[in-house]
Amino acid sequence: MGFHKNDEVQLQDVRESDLSVFFEHQLDSTANNIAAFTSKDPADKAAFLKHWTNILANENILKKTIFYNGYVVGNILNFEQFGNPEVRYWIGKQYWGKGIATDALSKFLHEINVRPLYARAAKDNLASIRVLKKCGFAIIDEDKGYSNARGEEVEEYILKLGSKF
């Protein structure tokens, strides 16, 4: 029996064994450039592991591994940033364009009871903006911040999901 589209994407609690895949995903320079707001040195494994050790230890952060047909393909988080509850996700580049981010975010939103919920995306990250809008987020503001990946200040949209999903 094959997978149905809605059954292909699954979310599970992040395990330490998932981190090696997350690290490989963040090494992709194209993905870093599109995401824009990334670590200073994506190849610094010690910094990566320290960052994720802090995330895993923080009970206030909801963190899930995204699986697609049984493979680790990314992660999705809910945490507080700038005083607001925010959602952020990362999908490995080889899995882009398959609807995985939309399915994962939709499932994740059903697990989070926090509203309003916010997200941020570089203005030129059209695919991520499309995913967020499909899941009910609307652009409410703009901001800009320094992008380590691009080495310059980058404009971003702030999006908001206001009601129960």
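Parameters and conventions
- Residues numbered from 1 in each chain as written.
- Predicted model: local features only at pLDDT ≥ 70, side-chain atom pairs only at ≥ 80, totals over all residues.
- Heavy atoms only, no water.
- Helix = DSSP H or I, 4+ residues; strand = E, 2+ residues; numbered from the N terminus.
- Rg over C-alpha atoms; globule rule 2.2 N^0.38 Å.
- Buried < 20%, exposed > 50% of the residue type's maximum accessible area, 1.4 Å probe, protein only.
- Arc of directions from axis to C-beta.
- Contact = heavy atoms within 4.5 Å.
- Axes fitted to C-alpha atoms, helices over the stretch in contact; angles between N-to-C directions.
- Parallel < 35°, antiparallel > 145°, perpendicular 65-115°, else oblique.
- Left-handed = near helix turned anticlockwise from the far one by under 90°.
- Nonpolar A, V, L, I, M, F, W, Y, C, P; charged D, E, K, R; others polar.
- Core = buried A, V, L, I, M, F, W, Y, C linked by side-chain atoms within 4.5 Å.

I'd like to hear about the overall build of the protein chain, residue by residue, with values.
Each helix and strand counted, the protein chain has 6 helices and 7 strands in total. Along the protein chain, helices and strands appear, N-terminal first, in the series α-β-α-α-α-β-β-β-α-β-α-β-β. Taken against the 2.2 N^0.38 rule, which gives 15 Å for 165 residues, the C-alpha radius of gyration of the protein chain at 15 Å falls within 12% of a compact globule. Principal axes of the C-alpha set define a box for the protein chain whose edges measure 50 × 40 × 30 Å.

Could you give an account of helix α6 (residues 126-134), with specific residues and numbers?
Along α6, the positions that sit buried rather than exposed are Ser128, Ile129, Val131 and Leu132. One side of α6 carries all its buried residues, which in axial view fall inside an arc of 160°. Set apart from the buried face of α6 by more than 90 degrees, the exposed residues are Leu126 and Lys134. A positive backbone phi angle near 100° is found at glycine 136, which sits one or two residues after α6.

Summarise the environment of isoleucine 129; cite the residues concerned and give the values.
Locating isoleucine 129 in the fold gives a position in helix α6. Distance in space between the C-alpha atoms of isoleucine 129 and alanine 119 is 9.4 Å, their sequence separation being 10 residues. Beyond its immediate chain neighbours, meaning those up to four positions away, isoleucine 129 contacts Ala121, Ala122, Lys123, Ile139 and Tyr157.

Could you give an account of the packing of helix α2 (residues 19-26) against helix α4 (residues 45-57), with specific residues and numbers?
Their axes nearest at 11 Å, the elements α2 and α4 cross at an angle of 130°. Taken together, α2 and α4 sit at an angle that is classed as oblique. Crossing handedness for the pair α2 and α4: right-handed. Residues Leu19, Phe22, Phe23 and Gln26 of α2 pack against Lys45, Phe48, Leu49, Trp52 and Leu56 of α4. Across the contact of α2 with α4, the residue classes tally to 7 nonpolar, 1 polar and 1 charged.

Pulling in residues and values, what's your account of the environment of tryptophan 52?
Inspection of the secondary structure puts tryptophan 52 in helix α4. Take tryptophan 52: its relative accessible area is 5%, and that puts it in the buried class. Considering only alpha carbons, one finds tryptophan 52 and phenylalanine 23, 29 residues apart in sequence, at a separation of 9.9 Å. If we skip the residues at most four places from it in the chain, tryptophan 52 touches Val14, Leu19, Phe22, Asn75 and Leu77.

Now, about the nonpolar core: what can you tell me, with residues and values included?
By size, the foremost hydrophobic cluster in this structure holds 27 residues, and its most contacted members are Ile66, Ile76, Val87, Ile100, Leu105, Leu132 and Phe137. Every element with two or more residues in this core is listed here: β1 (9-13), β2 (62-68), β3 (71-81), β4 (84-91), α5 (100-111), β5 (117-122), α6 and β7 (152-161). It is α5 that contributes the most residues to this core, 6 residues altogether.

Before we move on, could you go through α2 and cite the residues and values that matter?
Looking at α2, one finds that the buried residues are Leu19, Phe22, Phe23, His25 and Gln26. Viewed along the axis of α2, the buried residues span an arc of 160°, placing them on a single side of the element. Lining the buried residues of α2 we find α3 (29-35), α4, β2, β3 and β4.

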